[in-house]
Every structure is written in C-alpha cells, then in structure tokens.
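Next come the chains, spelled out residue by residue.
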Amino acid sequence: MTSTLSPETSAPTEQEVDRTFLAAQARSDLLEQELRTQPERHRVLTGDRPTGPLHLGHYLGTLRNRVRLQSLGVPVFLVIADYQVITDRDATGPLRDRVRGLVADYLAVGLDPDRTAIFPHSAVPALNQLLVPFLSLVSAAELERNPTVKAEAAASRRALSGLLLTYPVHQAADILCCGGTVVPVGRDQLPHLEVTRLIARRFAERYGPVFAEPAALLADVPTILGTDGAKMSKSRGNTIALSASADETAAAIRAARTDDERRITYEPDRRPEVANLLTVAASLTGRSPVELADQVGPRGAAALKNLVTTVVNDALAPVRARRRELVADPGYLDAVLVDGTATVTALAVETLDRVREAMGMRYVP
Ligand code: TRP
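The rules behind each value
Residues numbered from 1 in each chain as written. Predicted model: local features only at pLDDT ≥ 70, side-chain atom pairs only at ≥ 80, totals over all residues. Heavy atoms only, no water. Helix = DSSP H or I, 4+ residues; strand = E, 2+ residues; numbered from the N terminus. Rg over C-alpha atoms; globule rule 2.2 N^0.38 Å. Buried < 20%, exposed > 50% of the residue type's maximum accessible area, 1.4 Å probe, protein only. Contact = heavy atoms within 4.5 Å. Areas by Shrake-Rupley, 256 points an atom, 1.4 Å probe, with all protein chains shown as cover. Lys, Arg positive; Asp, Glu negative; His and termini not counted. Charge placed at Lys NZ, Arg CZ, Asp CG, Glu CD. Phe/Tyr/Trp six-rings, centres within 6.5 Å; stacked < 30°, edge-to-face > 60°. Lys NZ or Arg CZ within 6 Å of the ring centre and 35° of its normal. Near = heavy atom within 4 Å. Polar contact = N/O pair within 3.5 Å; in protein donor to acceptor, adjacent residues only side chain to side chain. 1 Å grid on protein atoms, 1.4 Å probe; cavity = no way out; pocket = protein on both sides within 12 Å on 5 of 7 lines; lining within 4 Å. Points joined across faces, edges and corners; volume = space filled by probe spheres on them. Nonpolar A, V, L, I, M, F, W, Y, C, P; charged D, E, K, R; others polar. Axes fitted to C-alpha atoms, helices over the stretch in contact; angles between N-to-C directions. Parallel < 35°, antiparallel > 145°, perpendicular 65-115°, else oblique. Left-handed = near helix turned anticlockwise from the far one by under 90°. Expected span 1.5 Å × (residues − 1). Pairing = 2+ DSSP bridges. Right-handed = clockwise from strand over helix to strand, strands pointing away. Salt bridge = Lys/Arg side-chain N within 4 Å of Asp/Glu carboxyl O.

1. Quick notes on the overall build of the protein chain
Within the protein chain one finds 14 helices and five strands. Computed over C-alpha atoms, the radius of gyration of the protein chain comes to 22 Å, within 12% of the 21 Å expected from 2.2 N^0.38 for 365 residues, which places it in the range of a compact globule. C-alpha extents for the protein chain along the principal axes are approximately 75 × 50 × 45 Å. Of all 365 residues assigned to the protein chain, the portion counted as buried reaches 50%. In the protein chain, of all internal contacts separated by at least 6 residues, the share reaching a separation of at least 24 is 78%. As presented, the protein chain carries roughly 17,100 Å² of accessible surface, and 54% of it is formed by carbon and sulfur atoms. Put simply, the protein chain has 42 plus and 44 minus side-chain charges, and the middle of one group is 2 Å from the middle of the other.

2. As for the packing of aromatic side chains
Enumeration according to the criterion identifies three aromatic pairs in this entry. The structure contains a cluster of three or more aromatic residues connected by ring pairs, namely Phe134, Phe203, Tyr207 and Phe211. Between Arg187 and the ring centre of Phe21, over which it is positioned, the NZ or CZ distance is 3.7 Å.

3. Considering the site of the ligand
Close to the ligand lie Leu45, Thr46, Gly47, Arg49, Val79, Ala81, Gln84, Gln171, Asp174, Ile175, Val183 and Gln189, which account for all nearby residues. Contact between the ligand and Asp174: a nitrogen atom at 2.7 Å from a side-chain N or O atom of the residue. Considered on its own, the ligand offers 360 Å² of accessible surface; in the complex 87% of this is hidden by protein. Only strand S1 (44-48) and helix H8 (162-177) provide two or more residues apiece to the shell around the ligand.

4. Focus on empty space enclosed by the protein
Applying the stated criterion across every chain, the model contains one cavity of 30 Å³ or more. Around the largest cavity sit 17 residues that line it, and Leu225, Gly226, Thr227, Asn276 and Leu277 are the ones nearest its centre. Going through the elements one at a time, helix H11 (272-285) and helix H13 (300-327) are the ones with two or more residues in the lining of the largest cavity. Top element by residues in the lining of the largest cavity is H11. It accounts for four residues. Of the residues assigned to the lining of the largest cavity, the class counts are 11 nonpolar, four polar and two charged.

5. Some remarks on the packing of helix H2 (residues 56-72) against H11
In contact at an axis separation of 11 Å, H2 and H11 are set at 40° when each is read in the N-to-C sense. In terms of axis orientation, H2 runs oblique to H11. Note on packing geometry: the crossing formed by H2 with H11 is left-handed. Taken together, the residues of H11 that come into contact with H2 (itself represented by Leu56, Tyr59, Leu60 and Arg64) are Val280, Ser283 and Leu284.

6. Regarding helix H1 (residues 14-37)
Between the first and last C-alpha of H1 there are 35 Å, a value that for 24 residues agrees with the 34 Å anticipated at 1.5 Å per step. Burial in H1 covers these residues: Phe21, Ala24, Ser28, Leu31, Glu32 and Leu35. Its buried side turned inward, H1 meets H2, strand S4 (182-185), helix H9 (190-207) and strand S5 (215-218).

7. What to know about the pairing of strand S2 (residues 76-80)
The element S2 is extensively covered by neighbouring structure, given that five of its five residues are classed as buried. Side chains Val76, Leu78 and Ile80 project from S2 onto one buried face, and the interleaved Phe77 and Val79 project onto a second face that is buried too. Pairing geometry for S1 and S2, over five bridges, is parallel. Along S2, the bridge assignment pairs Gly47 with Val79. Of the crossover connections in this fold, the one passing from S1 over H2 to the parallel S2 is right-handed. Here S2 pairs with strand S3 (residues 116-120) via five bridges, running parallel.

8. Points about the pattern of salt bridges
All chains considered together, the criterion is met by 25 salt bridges. Note that Asp18 is salt-bridged to Arg187, the shortest N-O span being 3.7 Å. Of this pair, Asp18 sits in helix H1 while Arg187 sits in the loop between S4 and H9, and the two are 169 residues apart along the sequence. Two residues, Asp105 and Arg323, come together in a salt bridge whose shortest N-O distance is 2.5 Å. Of the two residues, Asp105 is situated in helix H3 (residues 95-109) and Arg323 in helix H13; the sequence distance between them amounts to 218 residues. Classification of Arg323 by relative accessible area gives buried; the value is 12%.

In structure tokens, the structure reads:
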C-alpha cells in the first residue's frame, strides 16, 4: 500500500466487495476468540444516531451483543452520533429528548455506565478536531465510491451534503479518538470501517504509528424485518420500540403482514413475512424457527401472532419496567452522559496530542 490517494471513482466490483467481506469475516472470527481470552486488550466502540427510539431490531441485532461484550470484560464506548443526524436532514429534531431516550434504552437493556462510556460526539471537541487531519488522508473519489454513503444519499432524496460525504471519516474519529479496536457492525457498515482502517494505516505511513487498526466484529444475528415485511426502520414506522407498551406491541404484531396460507411453515425465501415472525420468536426463546412453526402448524397466522406477542412482551417486560424508572429521572440520565463525556474527552485529548506531536504541530504544551 502506498500513500497515494486512489484515483478510482467507480463503485467497487462485486468481487472486490466479496473479497473485503471474506477478509473482514476472518478477522472477525479471530477477534471473537481473542475477546474471550484477553478482553482487557480491546476496546469496543459503536453507536447510534439519535433519530428516534431504539426498537426490537436494534435489541436483537446489536444491543444484546453489546451487553454480551460488556460482560466479557471488554470496555465499551457508545457514541451518540448527534452530528450525524444532520447528514441528511435540515433540522436536529427534538434532540435533547431523543438523546435522553437513547441513554434510557441503553441502560434499560443492561448496559452499565460503570463499564460502558456513553457520550454524544458533539460534546467532545478533540474528537471533532481529528477530522481535519483525517480528511487529508482520503481522496474525494474514495469518499464518492463508498456504497453505503451512496445508498444513504439516494434514500434521502436530496443533494448529497458535504457532511454525508465525509461522515465515514467522522466515524473514524469516533473510533480512533478513544482507541477503539473492535467495532461491532452489520455487513452494510463494513465500507465505513474500511475507511477507518485506511485512515489508521495512512496516518502511520505518513507520520508514524499512533493508531491501532480496528476491526469489525460481524455479528451472527438474523436480519429482522419490520411488521410490513420491509426492512425495519424508524422512518418506515414498521418497528416495535423498546419503549412501546404491551398493548401497542400486540397491536403492531396483530397488524403485521403475513400471507394467506393457513398452515405455518418456516420458508424464509417463499414466505418471508411468516419466517420473520418465527425468527423473532426464535431469537428471543433460543428455540429453532422450524420447531416453533411445527408447534403453531395448522392454527394459522393468528395463533403465530399470539405466540410472538407473548414472547416479545415477556422478553421486554423487565427492560420496559427499568426504562420507565430511568425516564422518570432525567437528572440521572444527564449525569451518565456527563460521566461518559469526561471519560472520552480525557482519551481524545491525549490522542489529539499524540497526533499533533507526530505531525510536528505541538506548539503549545
Ligand atoms: N453510523 C452508525 C449508524 O448510523 C452510527 C455510528 C456513528 C457508528 N459512529 C460510529 C457506528 C462509529 C460504529 C462506529 O448507526
């Protein structure tokens, strides 16, 4: 690898994408083993945009995994990516409430502020300042060919903002400012992590080793669809929020799309909506979707929905009870953020100092 910025502008080919994925999967498998034996050698960094409440898809896809990593003894850092909210919209929305809501969601599922630092990235100036040198390490063409940025720009149906174009670099600052080495992500976020890895390498080539190269931890979790059979997402209104009541949950599941075959079977390709409901119940009970399908069998979609409603409400009952207590105490939620921000600020200031030192920019001690 040379230091020259790549001149390529075209999207990566399918083979390139597959090769990147296979290499990332191999690194992820190794990492998973290392986390079991030497958790203290690593730091997990991941996060969310504060655009709305977290939902069942987040719970099954990432929140449970974060709690698992925390209990392995790996220090966890959670970035609330508030600047990222304005990558594709004109207003920040009711941010204060959303950020508190996110903190409540995190704590309610079992993330522990003594082991997990929770911080909004706008509150850490040193993190944001890393963006300036980092931007010099990538070319405009490399930013433009990022498939996830392209997809997000298309979905937003507005002109690509400079912030959306550069947000993978901002994510590199989130990860590298506090020495993150493990980034649990889904496959769609892999291109971003490749940008972080590239930035860490190029910085080392130009200025010397300051950053460890982080790796993706690819979660082995099923993709959960929304109640309409499309991708579960806040903007589609097809989610079941962690904060929803048992009745709201029952109503959402009752309204979920299925098909008109009576007997329940697990056939993900042919019957994706039915399979999705079975997958949800399976991942919350530890039973197999086929076994659950057999259990419901001829009793049809209504019986399946009753089963899923019970399973989801039972699993979320303790989370919801804890969440209600937490939101009643906004002072506590704010204190958790103040604490997490202080932890990350100390690390980010130290990182920025080492960056300035390496770049010959340390004029002021
Ligand atoms: N981009 C992520 C999302 O949209 C959130 C995020 C911001 C993140 N910074 C990060 C994830 C750093 C992992 C690492 O969900």
